Protein chains: 2
Amino acid sequence: MKHNRVTIHHVAKKAGVAISSVSRVLSNHADVSDDMRIKVEKAVSELGYEPDYLAQSLRKGATQTIGFMIRDITNPLFSIVAQSAEFELRKAGYSIILINSHGDSSVEKENFSLFKRRRIDGIIASLVSEDAAQTKSIINNLGIPIVLLDREIAGLKASAVICNHSIGVKEATSDLIKNGHKRIAFVSGMKDLLITRSRLKGFEDACTEGGIKIDPSYLRLGKFSEDYSYHEILDLFGSKKKPTAIVAGGIGASAGALRALKDLKLKVGKDVAFIAVDEWPMFDLLSSDLSSVYRDPDEIGRESARLILNLITGGPTSQAVVQTHYRKRTSSRRVLNG
Amino acid sequence: MKHNRVTIHHVAKKAGVAISSVSRVLSNHADVSDDMRIKVEKAVSELGYEPDYLAQSLRKGATQTIGFMIRDITNPLFSIVAQSAEFELRKAGYSIILINSHGDSSVEKENFSLFKRRRIDGIIASLVSEDAAQTKSIINNLGIPIVLLDREIAGLKASAVICNHSIGVKEATSDLIKNGHKRIAFVSGMKDLLITRSRLKGFEDACTEGGIKIDPSYLRLGKFSEDYSYHEILDLFGSKKKPTAIVAGGIGASAGALRALKDLKLKVGKDVAFIAVDEWPMFDLLSSDLSSVYRDPDEIGRESARLILNLITGGPTSQAVVQTHYRKRTSSRRVLNG
DNA sequence: CCTCTGGCTGGAAACGATTCCTAATTCTAA
DNA sequence: TTAGAATTAGGAATCGTTTCCAGCCAGAGG
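Residues numbered from 1 in each chain as written. Chains lettered and ligands numbered in written order. Predicted model: local features only at pLDDT ≥ 70, side-chain atom pairs only at ≥ 80, totals over all residues. Heavy atoms only, no water.

Draft legend 1. The arrangement of the relation of the copies chain B and chain A in detail. In screw terms, the move from chain B to chain A is a rotation of 180° and a rise of 0.0 Å along the axis, fitting with an RMSD of 0.1 Å. As the rotation angle and translation indicate, the two copies are arranged about a two-fold axis. Taking the C-alpha atom as reference, chain B places Ser 287 of chain B closest to the rotation axis, 1.7 Å from it. Counting the interface residues of chain B, we find that 100% of their copies in chain A are interface residues as well, pointing to one common contact surface. (Least-squares fit on C-alpha atoms with pLDDT ≥ 70 in both. Contact = heavy atoms within 4.5 Å.)

Draft legend 2. Region of interest: unusual backbone geometry. Residues and elements named next belong to chain B. In this structure, Asp 150 takes a positive phi of about 55° despite not being glycine. Here Asp 150 is to be found in the loop between β4 (146–149) and β5 (159–164). Accessibility expressed as a relative area gives 7% for Asp 150, which makes it buried. (Helix = DSSP H or I, 4+ residues; strand = E, 2+ residues; numbered from the N terminus. Buried < 20%, exposed > 50% of the residue type's maximum accessible area, 1.4 Å probe, protein only.)

Draft legend 3. Structural view of the interface of chain B and chain A. At the junction of the two partners, chain B supplies 49 residues and chain A supplies 49 residues. Overall, the association of chain B and chain A removes approximately 4,900 Å² of surface from exposure, summing both partners, and the carbon and sulfur fraction of that is 54%. Here chain B and chain A share 6 salt bridges between them. As a salt-bridge pair, Arg 119 of chain B and Asp 52 of chain A come within 2.5 Å of each other at their nearest N and O atoms. Counting every contact that joins chain B to chain A gives 30 residue pairs in polar contact (both at pLDDT 80 or more). Elements that contribute at least two residues to the side of chain B that touches chain A include exactly α4 (53–60), α5 (76–91), β2 (95–100), α6 (105–117) and α11 (251–263) of chain B. A total of 7 residues in the side of chain B that touches chain A trace back to one element, the largest contributor, which is α6 of chain B. The residue inventory of the side of chain B that touches chain A, partitioned by class, reads 21 nonpolar, 14 polar and 14 charged. As paired elements, strand β2 (residues 95–100) of chain A and β2 of chain B share 3 bridges and run antiparallel to each other. Residue pairing across strands places Ile 97 of chain A opposite Ile 97 of chain B, the latter belonging to β2 of chain B. (Buried area = accessible area lost by both parts, 1.4 Å probe. Salt bridge = Lys/Arg side-chain N within 4 Å of Asp/Glu carboxyl O. Polar contact = N/O pair within 3.5 Å; in protein donor to acceptor, adjacent residues only side chain to side chain. Nonpolar A, V, L, I, M, F, W, Y, C, P; charged D, E, K, R; others polar. Pairing = 2+ DSSP bridges.)

Draft legend 4. Helix α8 (residues 165–178) of chain A, seen in detail. All names here are of chain A. The end-to-end C-alpha distance of α8, which contains 14 residues, comes to 20 Å, matching closely the 20 Å that a straight helix rising 1.5 Å per residue would cover. Of all the residues in α8, the buried ones are His 165, Ser 166, Gly 168, Val 169, Ala 172, Thr 173, Asp 175, Leu 176 and Ile 177. One or two steps after α8, the chain reaches Gly 180, where phi turns positive at roughly 95°. (Expected span 1.5 Å × (residues − 1).)

Draft legend 5. Local environment of the protein's contact with DNA strand D. In the region of DNA strand D, 26 residues are neighbours, and Ser 33 and Arg 59 of chain A together with Ile 8, Ser 23 and Arg 59 of chain B sit closest. Here DNA strand D approaches the protein such that, of its atoms within 4 Å, sugar and phosphate make up 61%. A distance of 2.7 Å separates a phosphate oxygen of DNA strand D from a polar atom in the side chain of Ser 33 of chain A. One of the side-chain nitrogen or oxygen atoms of Tyr 49 of chain B is found 3.0 Å away from a sugar or linking oxygen of DNA strand D. Secondary structure elements with two or more residues in the surface near DNA strand D: α2 (19–26) and α4 (53–60) of chain A together with α2 (19–26) and α4 of chain B. Counting residues per element, the surface near DNA strand D draws most heavily on α4 of chain B, at 4 residues. (Near = heavy atom within 4 Å.)

Draft legend 6. Summary view of the UniProt feature "domain: HTH lacI-type" (unreviewed entry) in chain A. Mapped onto this structure's residue numbering, the UniProt feature "domain: HTH lacI-type" (unreviewed entry) falls at residues 6–60 of chain A. Between the end C-alpha atoms of residues 6–60 of chain A there is a gap of 20 Å, over a span that is 69% helix and 0% strand. (UniProt positions renumbered as here; feature names shortened; annotations may be inferred.)

Draft legend 7. Fine view of the nonpolar core. Ranked by size, the top nonpolar core spans 48 residues in total, and within it Phe 68, Leu 89 and Ile 124 of chain A together with Phe 68, Leu 89 and Ile 124 of chain B carry the most contacts. Excluding its chain neighbours within four sequence positions, the residues that come into contact with Phe 68 of chain A are Val 81, Ala 82, Ala 85, Ile 96, Ile 97, Leu 98, Ile 99, Phe 115 and Ile 124 of chain A. (Core = buried A, V, L, I, M, F, W, Y, C linked by side-chain atoms within 4.5 Å.)

Draft legend 8. Broad picture of the domain arrangement of chain A. Partitioning chain A into domains gives domain 1 (2–51), domain 2 (63–163 + 297–323) and domain 3 (164–295). The distance between the C-alpha centroids of domain 1 of chain A and domain 3 of chain A comes to 63 Å. (Domains from an automatic or database assignment.)

Draft legend 9. Quick peek at the protein's contact with DNA strand C. In the vicinity of DNA strand C there are 25 residues, among which Ile 8, Ser 23 and Arg 59 of chain A together with Arg 24 and Ser 33 of chain B approach most closely. Put simply, 59% of the atoms of DNA strand C that lie within 4 Å of the protein are in sugar or phosphate. Interatomic distance of 2.5 Å between a backbone N/O atom of Ile 8 of chain A and a phosphate oxygen of DNA strand C. In the model, a base nitrogen of DNA strand C is placed 3.1 Å from a nitrogen or oxygen of the Ser 20 of chain B side chain. Taken together, the elements giving at least two residues each to the surface near DNA strand C come down to α2 and α4 of chain A together with α2 and α4 of chain B. Counting residues per element, the surface near DNA strand C draws most heavily on α4 of chain A, which supplies 4 residues. Partitioned by chemical class, the residues of the surface near DNA strand C number 10 nonpolar, 7 polar and 8 charged.

Draft legend 10. Geometry of helix α9 (residues 194–209) of chain A. Residue and element names in this part refer to chain A. In a regular helix each residue adds 1.5 Å, so 16 residues correspond to 22 Å; α9 covers 22 Å between its end C-alpha atoms and thus fits that length. What α9 keeps buried is the set Leu 194, Ile 195, Thr 196, Ser 198, Arg 199, Leu 200, Gly 202, Phe 203, Ala 206 and Cys 207. At its buried positions, α9 is contacted by β5 (159–164), α8, β6 (184–188), β7 (219–221), β8 (245–249) and β9 (273–277). With its phi angle positive at about 70°, Gly 211 sits one or two positions after the end of α9.

Draft legend 11. Quick peek at the packing of aromatic side chains. Summed over all chains, the structure comprises 4 aromatic pairs over all chains. When the centroid spacing of 5.0 Å and the interplanar angle of 15° are considered together, the rings of Phe 186 of chain A and Phe 203 of chain A count as stacked. Here the residue Phe 186 of chain A occupies a position in strand β6, and Phe 203 of chain A occupies one in helix α9, the gap between them amounting to 17 residues. Accessibility classification places Phe 186 of chain A together with Phe 203 of chain A in one group, the buried group. A cation sits over an aromatic face here: Arg 118 of chain A above Tyr 53 of chain B, 4.3 Å from the ring centre. In this structure, Arg 327 of chain B packs its charged tip against the face of Tyr 294 of chain B, placed 3.7 Å from the ring centre. (Phe/Tyr/Trp six-rings, centres within 6.5 Å; stacked < 30°, edge-to-face > 60°. Lys NZ or Arg CZ within 6 Å of the ring centre and 35° of its normal.)

Below you can see the structure in the form of structure tokens.
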């Protein structure tokens, strides 16, 4: 089985030249005579030779591979990001190794070490948390260029794709207020993440401008999971001061909230207003015509690819900002008892 | 920058032993004295040494990497398959390289060659087509173990995960017939794919048993795309003999069909019955309570991982069958003019 | 006391490329 | 004609491991 792999050795022998000459021809080195080029190319095509990545990588110290680590590949937003990043990176000759961290920071840690051992050239990651001091030191000691998705960590040598969440959420919340909503709930992930803080800022700004005082019990900022959101919404509607509108930050939050409303037999857009932050496949086929805060996942993927390539070729760390905007549909209207 | 990578060389020097001894300790070779083991382990932990995958791979001829090639990673079903396969393979020490073929068989061809150059240990693939003779010869010449998802190619040395589509579709179609439907349309992908033939068989069997003659114009078997399905449904409902029920084979087919019905202002479950083959995230939040044919994507991922590991360790090619079953909900009921 | 066995160890050859260095050849110019 | 420069080719080192092979030393058996 070993003898069926054709190496540069075989090519050299067949062409009757030295190994180094074959290598020079294939890497378009300047000092190659026409005669040599022809001989080698003939041998290459006759043998169907293709250089081995492994050996090249070992020698050159670059694997042409990018590690893509996310918390959950089944999240439709991330899968689009992964697809478009892969598309861009492949054009530049890179492959991607996909790793799930399952939202577990110890798995995340292992993954970084795996990346290092595999001599990954660069990393694109959506980290579990921003405050883990350990994560910070791991990344800094890794010596591998990294692009963070929607995370901002002080003192970290990393590029980042940051979405401007506050703008879209502000527009959306303002629209709710304009439609007469005063009791607006906001469900999303942990407050220590930039993404949550940014959304919260948009929410607060809109309330301030609209002259609405935020009741802290309407802020449910705990986890991105469906489960969390589901139970928080049930809890809110079990209380005396039921909200008339909900802003759900993230796909999980939206799914959990919509399920809760369904179980409560409350009709979205009629009994309660709703804004989904982020959309998912077949969004338009849902039972209600949801207003949303949109960002383009393709753009996130493209930008992250651009940033990591930039870093790999020695460029400085930088940030790319992806805008969000409000897509007004019918679920944000005034409701019966609003 | 080169000097900060700690190699087996440094460990050997620090421990005052030969490189080969370090390697023996780390690979749990039998011929190692306790004294040696202790010295080496001390040096390893003090230096924080981790063996380099590249060099190991080059020497051993195995990269501990699986290539995962699918037509579209944003397909929610595939992304779950990818996730569960990754989970299983990681437990066995493998990483996965994810590649999109974008449903393009020339890209697919390139990808195979990339896998070979990267010395991938095994491939899990959802191929674009089954009949391309070229693909067959490429795979056979590749010399890399491969597991096919839902494809059956004669004369190919490959394992496969096959879903038993016909059973679920038959159950579903029988239910439609029992509910009085006679004009049932079936939209799905190309007829030359096993997956389509298998679904069609279930459909035909149910019709035969139910005493219904199939009108060929109700069979729309062209592509898996949303677009195709959308236009075929519009076409069907523009004709004289409108169907009273639709079976949509695949997520794309379902999406396209549901959009067409929405545009036609036909209510699913009321004006027309509908069966979705395969579910997607937040299926339960759709505007209608869709009956479906279900298969477990997690199981597909697990099985494909199991089969490829089996092949890599020298086992024979084999098949795993994943069952489908009918999930009866309300969209399959009798309808107004049915 | 000598040989044989067997456990351990170190040295060196792979694995398949790239690249530096040196040498041979050709060409130009004095 | 010959020195010196410019091309071009080959040889060898290198990347970081694993693994084969040979040798050393200690203990056992005669």
